[in-house]
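Chain residues, written in single-letter form:
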Amino acid sequence: MNAPLLMVENLRVTYPAGRRHVTAVRGATFTIERGRCLGVAGESGSGKSSLARGLLGLETHVAGRVVFDGQEVLKLDRAGRLRFRRRAQMVFQDPLGSLNPRMKTGAALAEVLRVHGLVATRAETERQVARWLETVGLDGAYANRFPHELSGGQRQRVNLARALCVGAEFLVADEPVSALDVSVQAQVLNLLKSLQETRGITWMLIGHDLAVMRHMADEVMVMKDGAILEQGPAADVLARPAHPYARELLAAVPDVGRALARRRPGATVSD
Ligand SMILES: Nc1ncnc2c1ncn2[C@@H]1O[C@H](COP(=O)(O)OP(=O)(O)OP(=O)(O)O)[C@@H](O)[C@H]1O
Ligand SMILES: [Mg+2]
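Residues numbered from 1 in each chain as written. Chains lettered and ligands numbered in written order. Predicted model: local features only at pLDDT ≥ 70, side-chain atom pairs only at ≥ 80, totals over all residues. Heavy atoms only, no water.

Engineer: Could you give an account of the packing of helix α3 (residues 105-115) against helix α5 (residues 152-165), with specific residues and numbers?
Structural biologist: The geometry of α3 relative to α5 is characterised by a closest axis approach of 9 Å and an angle of 20° between their N-to-C directions. In terms of orientation, α3 and α5 fall into the roughly parallel class. Crossing angle aside, the handedness with which α3 passes α5 is right-handed. Two secondary-structure elements touch here, α3 through Thr 105, Leu 109, Val 112 and Leu 113 and α5 through Val 158, Ala 161, Arg 162 and Cys 165. For the contact of α3 with α5, a count of residues per class yields six nonpolar, one polar and one charged. (Axes fitted to C-alpha atoms, helices over the stretch in contact; angles between N-to-C directions. Helix = DSSP H or I, 4+ residues; strand = E, 2+ residues; numbered from the N terminus. Parallel < 35°, antiparallel > 145°, perpendicular 65-115°, else oblique. Left-handed = near helix turned anticlockwise from the far one by under 90°. Contact = heavy atoms within 4.5 Å. Nonpolar A, V, L, I, M, F, W, Y, C, P; charged D, E, K, R; others polar.)

Here it is as structure tokens:
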């Protein structure tokens, strides 16, 4: 058997708050196999984003173990951290907020490629930019657009290209489609799914929407108050949530699939 790509053991994330502190994640233990998608669900404030930032080494007050491809993430030196950053990337909810408004798409991608030393010449840079835009389903002409000249879905595609072009094999997507129009959500989700299938990308997908989880995730984890309440194969957890809280969460979330099928041009957005 292959070792899992990611192993997280008893991860704790706290935030100092004066003389006290907030414990956002209280001991999370799980693994993600290569090429699989782990869905993380839970109400607002349950610790999903803190868990993600904690395991990527982006938080200061973290305890526990994170092992990525055999490496102890929380013990990496500077050079090790930079290499890890290339392999493990985060995609955020707000696609506009994570793009520099004054930088055209092509220049933004070129900068990332240069910073990581992945391109030597101008021709090489242009070729790589075009290739990554194409990978996320954007025509090369989009290299000349500013973020405000893109739709929300296109912006999220640019963010994905930026994460992938450095060679990321593990992506943490923190509510990657919740800022997008419902009709665009499915397109971006299908892109994520196809990247998992064609490029063998391993995912951690954070979200509220369990219909999305059902479509995307192989395993699902439900968080509440910083703890993992339930975890297992997506089909089991979503079909038969053992915990009353997980059942409530399932009942509370509108089914995007149904909403998609129902919503027609001109229909009012009420759910
Ligand atoms: N920078 C911070 N400083 C202090 N407390 C924080 C900080 N970030 C998060 N918290 C607290 O940690 C807890 C978990 O927050 P977190 O952002 O991880 O939740 P979440 O599950 O991602 O929520 P949402 O679904 O709203 O994004 C919350 O109680 C929150 O108030
Ligand atoms: Mg969050």
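Engineer: Give a description of the packing of aromatic side chains that names residues and reports values.
Structural biologist: Applying the stated rule across the entire model yields two aromatic pairs. On the numbers, 6.0 Å between centres and 45° between planes, the contact of Phe 68 with Phe 170 is tilted. Of this pair, Phe 68 sits in strand β4 (residues 62-68) while Phe 170 is found in strand β7 (residues 170-174), placing the two residues 102 residues apart along the sequence. Each member of the pair, Phe 68 as well as Phe 170, is classed as buried. Taken together, the ring pairs in this structure connect Phe 68, Phe 84 and Phe 170 into an aromatic cluster. (Phe/Tyr/Trp six-rings, centres within 6.5 Å; stacked < 30°, edge-to-face > 60°. Buried < 20%, exposed > 50% of the residue type's maximum accessible area, 1.4 Å probe, protein only.)

Engineer: Go over α5 with me, naming the residues and quoting the values.
Structural biologist: The first and last C-alpha atoms of α5 sit 20 Å apart over 14 residues, in line with the 20 Å expected at 1.5 Å per residue. α5 sits mainly inside the fold: twelve of its 14 residues count as buried. Of all the residues in α5, the buried ones are Gly 153, Gln 154, Arg 155, Gln 156, Arg 157, Val 158, Asn 159, Leu 160, Ala 161, Ala 163, Leu 164 and Cys 165. As for α5, its buried residues are in contact with β6 (88-91), α3, α4 (122-135), β7, α6 (182-199) and β8 (202-206). Positive backbone phi, approximately 95°, marks Gly 167, located one or two places after α5. (Expected span 1.5 Å × (residues − 1).)

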